[in-house]
Amino acid sequence: MSDYRVGIWMYQNGGGDVIEKKIVNKLKERGIEAITDLNLRYATAEEGHIMCNGVAMEELDLFFSYNAGGQTQYQVYLYEALDQYIPIINNFKAFSITEDKFKTIHLLKRNGIPTTEYFLCHRDDTKHLRSIFKKWNSKMIYKPVDGWGGIGLALIENESSLDMLLPFLNQMDLRCFYVEKFVNYDKSDYRVDIVDGEFIACYGRKAPENDWKTNITSGGKVILREPNDEIVELAKKAAKITGLEIAGVDIIYDLDKERYIVLEVNGIPAFATPEQEKMGLNFNDKKIDAIVNLIEKKIKGKK
Ligand SMILES: Nc1ncnc2c1ncn2[C@@H]1O[C@H](COP(=O)(O)OP(=O)(O)O)[C@@H](O)[C@H]1O
Ligand SMILES: [Mg+2]
């Protein structure tokens, strides 16, 4: 019998299953038993316990939740409830902030991190939206605050495209309008992986020809790229401010303001896929070790 038990829910596609096995084996070497496939979507709660696949979740020493694929409201609800009783990586507070673009950028800005300019208003408050467009005197991007993969972003190039977009957005049942000033950049970014405050890896993505989005799902290409000290420091600071134990910080260089800015912070940054590993992204083992160290530190420090 192991002294410690950890629950895991991890993505299985893109090589995630192989990564998970490595994590499970490394934990075992350290006397930590791991129980996988704990998908809170199928959990129930009664009599003081959240039960998932026959496991009483509160009795675990830690829960490692690492699956980006669309968590249901129910899952997130139980994530939050469980977070009261056992450590979860990532912790719920940081997870929920970074699931929201506005909350993340707002928090970073308040802590002195360079970001793009942004504006949030009630969905009926189109007067303010128009005035910010005039004030910025630049293209802007409408973003759903909880979007991912570059989906739902709309580039607003002039006032008439704003006029066209507004009725369309008003039809959707949105709480708010969130826009960012369009940053003049070279259409490439840096993804910096941080685990427990330490730099793990950096790579980049390049937008396809005639596109401004670097997301792989929008046709962006992964590129090998070294960070400089400024980029690493910026990523570490952003990770710390959000409170994420594991973070993927996206950084671009603003050509007009001549500085690096943080675009977003991802709470479930993917490991390199087998194809990306072949390309030369070789950080997976380093990241696995850092995560296993982090889990061990959290649970053994607790007892
Ligand atoms: N303010 C901006 N100015 C210029 N390009 C941007 C801006 N915000 C986002 N982008 C581009 O769009 C991509 C997707 O935006 P992002 O906010 O990261 O949303 P998602 O969560 O969907 O990835 C970014 O990777 C970047 O290439
Ligand atoms: Mg992004």
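Now for a quick tour of the structure.

Rules used throughout
Residues numbered from 1 in each chain as written. Chains lettered and ligands numbered in written order. Predicted model: local features only at pLDDT ≥ 70, side-chain atom pairs only at ≥ 80, totals over all residues. Helix = DSSP H or I, 4+ residues; strand = E, 2+ residues; numbered from the N terminus. Rg over C-alpha atoms; globule rule 2.2 N^0.38 Å. Buried ≥ 20, exposed ≤ 12 C-beta atoms within 10 Å, placed from the backbone. Near = placed C-beta within 6 Å. Nonpolar A, V, L, I, M, F, W, Y, C, P; charged D, E, K, R; others polar. Domains from an automatic or database assignment. Pairing = 2+ DSSP bridges. Axes fitted to C-alpha atoms, helices over the stretch in contact; angles between N-to-C directions.

1. What about the overall build of the protein?
Piece 1. For the protein, the count of helices and strands is nine helices and 16 strands.
Piece 2. Scaling as 2.2 N^0.38, a compact globule of 303 residues should have a C-alpha radius of gyration of about 19 Å, and the protein matches this with 20 Å.
Piece 3. With the C-alpha coordinates aligned to their principal axes, the bounding extent of the protein is approximately 65 × 45 × 35 Å.
Piece 4. The buried share of the protein, reckoned over its 303 residues, is 32%.

2. Some details on unusual backbone geometry
Piece 1. The step from Ile89 to Asn90 runs through a cis peptide bond, and the omega angle for that step is -10°.
Piece 2. Following the sequence through the fold, Asn90 ends up in the loop between strand S7 (88-89) and helix H3 (92-98).
Piece 3. Phi is positive for Asp37, close to 60°, though the residue is something other than glycine.
Piece 4. Structurally, the position occupied by Asp37 is in the loop between strand S2 (32-35) and strand S3 (44-46).
Piece 5. What makes Asp37 partly exposed here is the crowd of 14 C-beta atoms within 10 Å.
Piece 6. Although it is not a glycine, Asn210 adopts a positive phi angle of roughly 65°.

3. Things to note about the site of ligand 1
Piece 1. The full set close to ligand 1 counts 22 residues, and Thr116, Glu180, Val183, Lys213 and Thr214 are the nearest of them.
Piece 2. Tallied by class, residues from the shell around ligand 1 come to nine nonpolar, six polar and seven charged.
Piece 3. Split by domain, the shell around ligand 1 shows at least three residues from each of two domains, domain 2 (117-181) and domain 3 (185-280).

4. Description of the sheet that holds strand S14 (residues 221-224)
Piece 1. Judged by pairing direction, the sheet is antiparallel, and its five strands sit side by side in the order S14-S13-S12-S15-S16 without closing on themselves. Since the sheet does not close on itself, it has two edges, and those belong to S14 and strand S16 (259-266), each with one partner. When the angles between neighbouring strand axes are averaged without regard to direction, this sheet yields 35°.
Piece 2. The sheet contact formed by strand S12 (residues 188-195) and strand S15 (residues 246-254) spans six bridges and is antiparallel.

5. Considerations on the pairing of strand S11 (residues 176-181)
Piece 1. Inspection of the sheet shows strand S8 (residues 118-122) paired to S11 by five bridges, in the antiparallel sense. Looking at the pairing, Tyr118 lines up with Glu180 of S11.
Piece 2. Both strand S9 (residues 140-142) and S11 contribute to a ladder of three bridges, which runs antiparallel. For Ile141, the partnering residue across the bridge sits in S11 and is Glu180.

6. Re the pairing of S16
Piece 1. For S15 and S16, the ladder comprises seven bridges, and the chain directions are antiparallel. Note that in S16 the partner of Asp254 across the bridge is Arg259.
Piece 2. Counting the residues between successive antiparallel strands, the hairpin from S15 to S16 contains four residues, one of them, Glu258, with a positive phi of roughly 50°.

None of this, on its own, says anything about what the molecule does.
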